[in-house]
Structures are given as structure tokens and as C-alpha cells.
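Understanding the architecture of this molecule
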Amino acid sequence: MPVTNPWAVLAVVTAVQASMSMVSFLWGPLAPFLVAEFGLSATQVGAVSSSFYLVASALAIPAGLVVDRLGSRFPMIASQWLTVLPLLALSLIPQFAWVVICVAVCGLAYSPINQASARAVIYWFPPHRLGLVMGIRQTGNMAGGAFAAALLPAIAVHHDWRTGLYIIGGILVATALLTGLTYREPPADTAPRSTEHDAESAWGKVKRLLRNPVLLFLLILSPVLGYGQIGMLSFFVLFVSDGLGHSPALAGAGLTIGMLAAGTGRIGWGWVGDRFFPGSRSF
């Protein structure tokens, strides 16, 4: 049954964000087991994460344009279904080169999810609520990462790392079905109105956005923060398990704690933005 309450919509979108983030944050917790099975170097471990994030970031703008044209529903559903396929392939392949290819395809499938889920939140909620609800939506990222960090090493130690992939794939199927059954685009009278910019070409929209000094500032700042996050996600579990000699399960638990702390901070800072800067969030 389609949901029409904005908070119910937020719950669905956050669930989607969490399930997809299990995949985006999967490669760090998976690293010790890939090293053990394929004999990888630290450089090759980095190549696995890089293949995901490079493809996802390279396609971010085209994926955003697709979301602008098609809305949130279809890209969210398609992104989840398309991610299941390379995950299943990853569980079957015998060579490292194919690991990188499958991870890159996961990045391709992931590329529209942030834009689609953000658009859904923006269209369903009034501006003065966006700090809090965006924080909740982003907490889905941390919750998914925390779940993957806790789940995968524990399953891999007691069973096999491929079993963890099957479980995450099953979760993706469940949330894809949930999205298809419940999420609909908001009514026309509640969606933001069209503007004179709607008729612009895709390149025209990109050029106009790049002339925005606030956006340029964020484009410079975001990679700096992202490098630290991706570095920790990619190598924390491997460092704690191989470098410090602890079990992968304990290393995953440590990463889970960090993810949960980050999720709490996203909600908290979103509330601060709504409470103290409701009309001025530029910096």
C-alpha cells in the first residue's frame, strides 16, 4: 500500500539508504577475508574500494540528471535491484580482477541512490524540517555501514564471507520490494514548483551550479572529508586485525561503534541547523 505520511516516507527512504550503504561500506569489513583468499596487498585492497567510489562519483552528475527527469521512485528501485546482481557475481568469482569489476558495477548501480533519496525528502518535507530529516536520512548510511561492519566479519569467521553477501543481497531485495509497494512521488500541489531553469540543457544546469560560490566551497571541502572517511572505512578493519592482531569480528565491532557515533552526530547537527539556522545554512 502506498504511504502518504511524510514521516512514513522518510522511514522507507532511510531503509533504502541503509540497505544500499551496506554495500558502499562493505569493502573495508570484507578486506581481511579478501586478503586471506586472494593474497592481496594493501594497494590492491585500496583498488577494491577505489573502483566502487570512482565509478559512483564519476556517474553522480549523470545519475542526478536522470533523477531530475524520472523522479525518485524508479531510480531507487532500479538501483537496489541492479546492486544485487554484482553482489551475487562477487560471491562466485575465483579471481581478483573480477572482484574489482564486480565492485565497480556495484558503484555504477549505487550512483543514483543519494540523489534519489535526497530528492524524495526535499519534495515531501517543508524547508524548515530539512536539517533534521536529512540528518535522519543520512543516518541510514551510518546504520547500514554499522550493520555491515558488525555482520560480515562475524558471519565470515563462523561461516564464509560469501554468506554475508547473500544476506545483504536478500536485504536489498526486501527493501526494493518495500520501495515498489509503498513509495510514490508526492502530490503535485506539495512538490516544489517548476522554475524558469527547467528548460535548460543538462550542461547549462551544471554550468549554472558551478557558478555558485557556496557550492564551489562545498565541492572543495567535501573531498577532504570524504578521503578521511573512505580511508578509515577501507583500512580500519584490516589495520586492527592484521596490524594490531585482534580478530576481524572485534575490528568490525570497533567500526560499528564509529558508525553509530557518526549517525548520532548527523541527527544532532541536523537538529542544530533547523533550530538555530533555519533560513541560513550556507556555512
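Residues numbered from 1 in each chain as written. Predicted model: local features only at pLDDT ≥ 70, side-chain atom pairs only at ≥ 80, totals over all residues. Heavy atoms only, no water.

A word on the overall build of the protein chain. Helices and strands together make up the secondary structure of the protein chain, namely twelve helices and zero strands. Order of helices (α) and strands (β) in the protein chain, N terminus to C terminus: α-α-α-α-α-α-α-α-α-α-α-α. Across the 283 residues in the protein chain, those meeting the buried criterion constitute 45%. In the protein chain, 83% of the contacts between residues at least 6 apart in sequence involve partners at least 24 apart. Split by element, the accessible area of the protein chain, about 14000 Å² in all, is 71% carbon and sulfur. (Helix = DSSP H or I, 4+ residues; strand = E, 2+ residues; numbered from the N terminus. Buried < 20%, exposed > 50% of the residue type's maximum accessible area, 1.4 Å probe, protein only. Contact = heavy atoms within 4.5 Å. Areas by Shrake-Rupley, 256 points an atom, 1.4 Å probe, with all protein chains shown as cover.)

So, on to the pattern of salt bridges. Using the criterion set out here, one finds three salt bridges in the structure. A salt bridge links Arg162 to Glu37; its shortest N-O distance comes to 2.6 Å. Of this pair, Arg162 sits in helix H9 (residues 161-182) while Glu37 is found in helix H2 (residues 27-38), placing the two residues 125 residues apart along the sequence. Here Asp160 and Arg162 are joined by a salt bridge, their closest N and O atoms 3.9 Å apart. (Salt bridge = Lys/Arg side-chain N within 4 Å of Asp/Glu carboxyl O.)

A separate point is the state of the cysteines. All told, the structure shown has zero disulfides when counted by the stated rule. Summary of cysteine pairing: Cys106 is not part of a disulfide, and the nearest cysteine sulfur, belonging to Cys102, is at 7.1 Å. (Disulfide = S-S within 2.5 Å.)

A few words now on the confidence of the model for the protein chain. For the protein chain, the mean per-residue pLDDT works out to 79, and 79% of the residues sit at or above 70. The secondary-structure element of the protein chain with the lowest mean pLDDT is helix H10 (residues 202-210), recorded at 67, while helix H5 (residues 73-90) shows the highest, at 92. (pLDDT = per-residue confidence, 0-100.)

Attention shifts here to the nonpolar core. It is characteristic of soluble globular proteins that their nonpolar side chains tend to be buried jointly. Core analysis: the largest hydrophobic core is formed by 51 residues, its most contacted members being Val23, Trp27, Phe52, Leu87, Leu90, Val99 and Trp161. Residues within four places of Leu90 in sequence aside, it is in contact with Trp27, Leu30, Val99, Cys102, Trp161 and Leu165. (Core = buried A, V, L, I, M, F, W, Y, C linked by side-chain atoms within 4.5 Å.)

Below, the discussion takes up a nonpolar patch on the surface. There is a patch of nonpolar side chains on the surface, built from Val66, Leu70 and Phe74 and spanning about 290 Å² of accessible area. Along the chain, the position of Leu70 falls in helix H4 (residues 60-70). With a relative accessible area of 46%, Leu70 lands in the partly exposed category. (Patch = residues over 30% accessible without salt bridge, like charges linked within 9 Å, V, L, I, M, F, W, Y side chains within 5 Å.)

Quick look at the environment of Ser79 now. Tracing the backbone shows Ser79 in helix H5. With 28 residues separating them in the primary sequence, Ser79 and Gly107 have C-alpha atoms 9.9 Å apart. Setting aside residues no more than four positions away along its own chain, Ser79 makes contact with Met20, Ala109, Tyr110, Pro112 and Ile113.

The next point concerns helix H7 (residues 113-124). Here H7 spans 17 Å end to end across twelve residues, near enough to the 16 Å set by a 1.5 Å rise per residue. Within H7, the full set of buried residues consists of Ile113, Ala116, Ser117, Ala118, Arg119, Ala120, Val121 and Trp124. Against the buried residues of H7 lie helix H1 (6-24), H4, H5, helix H6 (96-110) and helix H8 (130-158). (Expected span 1.5 Å × (residues − 1).)

Examined against the element boundaries, Gln80 turns out to sit in helix H5. The class of Gln80 is buried, set by a relative accessible area of 0%. For the pair formed by Gln80 and Met20, sequence separation is 60 residues and the distance between their alpha carbons is 6.9 Å. Setting aside anything within four residues of it in sequence, one finds Gln80 in contact with Val16, Ser19, Met20, Leu172, Thr175, Ala176 and Thr179. At 3.0 Å, the side chain of Gln80 and the backbone oxygen of Met76 are in polar contact. (Polar contact = N/O pair within 3.5 Å; in protein donor to acceptor, adjacent residues only side chain to side chain.)

Moving on, we get to the side chain of Ser51. Structurally, Ser51 can be placed in helix H3 (residues 42-58). If we skip the residues at most four places from it in the chain, Ser51 touches Val100, Val103 and Ala104.

Now for the packing of aromatic side chains. This model, assessed by the stated rule, comprises four aromatic pairs. Seen from their ring centres, Phe52 and Tyr53 are 5.1 Å apart, and the 80° between their planes marks the pair as edge-to-face. With a relative accessible area of 0%, Phe52 lands in the buried category. With a relative accessible area of 19%, Tyr53 lands in the buried category. Residues Phe52 and Tyr110 carry aromatic rings whose centres are separated by 5.4 Å and whose planes lie at 55° to one another, so their mutual orientation is tilted. Of this pair, Phe52 sits in helix H3 while Tyr110 is found in helix H6, placing the two residues 58 residues apart along the sequence. The exposure classification of Phe52 matches that of Tyr110, with both residues buried. The rings of Trp27, Phe52, Tyr53 and Tyr110 are connected pair by pair, giving a single aromatic cluster. Lying over the aromatic face of Tyr123, Arg119 brings its terminal NZ or CZ to 4.1 Å of the ring centre. (Phe/Tyr/Trp six-rings, centres within 6.5 Å; stacked < 30°, edge-to-face > 60°. Lys NZ or Arg CZ within 6 Å of the ring centre and 35° of its normal.)

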